[in-house]
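Given next are the chains, with one letter for each unit.
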Amino acid sequence: MRIRVLLSGVFSGVICLIALWYPWYVMDPARVAPDWPYQNRSIALPDWIPTAMLAFCGLTVFVFGWVSARWNWSKTWRQSLLSGLGAGLIAGCFIYDFIGAFHFGLIGQEGILNAFYTEVDKIKGIELLIEAISGTAVSIYLNFLAIMVGCIILGGLGGISSSIDLEDVWGKPPCDPDSWLFRIPAYTLTVTGLACMFVTLAGLLVLQESAIKAAVDNTLTGLNSLPIFIVIVAYIACLFMILLPMSLTWGWILRAWQGAGLWRILYGFWVVATLLILIWLFQFVPYFENLVLLFGLEFFQIIILGLIAIIFVAAGVGVGLLASPVNSSSSKYKGSD
């Protein structure tokens, strides 16, 4: 990912943060937390304002996908699409990390915050706690997927839309060094995504087991958010973080395989290693014993997770195949690269 793509994503992410700051950081917390520091600044705005800000952010990401492609002097629709996808990815990271996680975590904790100054009995307290735990997990992980996928798609649409005029280029011509350096993040993200899976599941498996035990011991039958979904939503989010960059590298390898020469040894090693990772990921599925009660394990494993994995892998491989092969170049790398 080149510096112009990166900056386009950062600029669009910052604009979206400014647009979402008031509805997500001032209005919503003041609605559920009476002692919120921004309580005095919060005013009642029409209900359509948050939706309008989301639409504005969607348009912003789309526009900067266009900017990314034209500023990067993309010469084909494929390059335009990839530039837009990169900008959308960065924008999604900014939006979720700096305000999205806070906002969706707040949604999950809303029940506790509303009852914070109310005296409740033990059963009601346990019910509020379990609903907050499970609701927060579902909210932050599913909305992580929604924001990331949405921003990537919108940025890509903006980039590919700019290809209607491929001669429209902005600024000075970008340097064109050999692109191997720009591909390293996909390989490292695969490894760090796997590490994230280990850490997340190690904590959430214990948390989910404790929440389910507390619900059963206290006969909580009126829960709106079931704790049996805590691990599975985290698992799906981590699966996205692993499979998308992993399958992206597969697409690159498939396109470069014919002329790879001795690099085929390393390519083959990487493919085998990542396939073993994939096998491990799906061997973990049978440990979701509680989901059998709702779906039946066979249905859930084959239909739901299989479909999700196919979508993630197809998207990554498709984008990888669109990328141009790495070619030697006389241009040197800069510090920004």
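What counts as what
- Residues numbered from 1 in each chain as written.
- Predicted model: local features only at pLDDT ≥ 70, side-chain atom pairs only at ≥ 80, totals over all residues.
- Heavy atoms only, no water.
- Patch = residues over 30% accessible without salt bridge, like charges linked within 9 Å, V, L, I, M, F, W, Y side chains within 5 Å.
- Areas by Shrake-Rupley, 256 points an atom, 1.4 Å probe, with all protein chains shown as cover.
- Salt bridge = Lys/Arg side-chain N within 4 Å of Asp/Glu carboxyl O.
- Helix = DSSP H or I, 4+ residues; strand = E, 2+ residues; numbered from the N terminus.
- Buried < 20%, exposed > 50% of the residue type's maximum accessible area, 1.4 Å probe, protein only.
- Lys, Arg positive; Asp, Glu negative; His and termini not counted.
- Polar contact = N/O pair within 3.5 Å; in protein donor to acceptor, adjacent residues only side chain to side chain.
- Contact = heavy atoms within 4.5 Å.
- 1 Å grid on protein atoms, 1.4 Å probe; cavity = no way out; pocket = protein on both sides within 12 Å on 5 of 7 lines; lining within 4 Å.
- Points joined across faces, edges and corners; volume = space filled by probe spheres on them.
- Nonpolar A, V, L, I, M, F, W, Y, C, P; charged D, E, K, R; others polar.

### Overview of a nonpolar patch on the surface
Thought 1: A surface patch of nonpolar side chains, about 340 Å² in accessible area, is lined by Trp-180, Ile-184, Val-326 and Tyr-333.
Thought 2: By the secondary structure assignment, Ile-184 is in helix α6 (residues 184-217).

### Brief notes about the side chain of Arg-70
Thought 1: Secondary-structure assignment places Arg-70 in helix α2 (residues 48-71).
Thought 2: This buried residue, Arg-70, is left without a salt bridge; Asp-168 holds the nearest opposite charge, at 5.3 Å.
Thought 3: Polar side-chain contacts of Arg-70 include one of 3.0 Å to the backbone oxygen of Asp-168.
Thought 4: The residues touching Arg-70, leaving out its near neighbours within four places in the chain, are Ser-80, Ser-162, Asp-165, Leu-166, Asp-168, Val-169 and Trp-170.

### As for the pattern of salt bridges
Thought 1: Counting across every chain of the model gives three salt bridges.
Thought 2: Two residues, Lys-124 and Glu-127, come together in a salt bridge whose shortest N-O distance is 3.8 Å. Pair noted here: Lys-124 and Glu-127 are both in helix α5 (residues 122-161), with a separation of three residues, about one helical turn.
Thought 3: Lys-124 gets classed as partly exposed once you look at its relative accessible area, which sits at 37%.
Thought 4: Across the salt bridge formed by Lys-213 and Asp-217, the nearest N and O atoms sit 2.9 Å from each other. Here Lys-213 pairs with Asp-217, and both are found in helix α6, just four residues apart, close to one helical turn.

### A look at the environment of Cys-196
Thought 1: Relative to the helices and strands, Cys-196 is located in helix α6.
Thought 2: Take Cys-196: its relative accessible area is 26%, and that puts it in the partly exposed class.
Thought 3: In the structure, Cys-196 is positioned 68 residues away from Arg-264 in sequence and 29 Å away in space, judged by C-alpha atoms.
Thought 4: The residues touching Cys-196, leaving out its near neighbours within four places in the chain, are Cys-238 and Met-241.

### Quick word on the layout of surface pockets
Thought 1: The volume enclosed by the second largest pocket comes to roughly 580 Å³.
Thought 2: Considering the residues around the second largest pocket, the lining is formed by 17 residues, among which Trp-180, Tyr-187, Trp-263, Tyr-267 and Val-326 are closest to the centre.
Thought 3: The element that contributes the greatest number of residues to the lining of the second largest pocket is helix α8 (residues 263-283), accounting for five residues.
Thought 4: In terms of residue class, the lining of the second largest pocket is built from 14 nonpolar, one polar and two charged.

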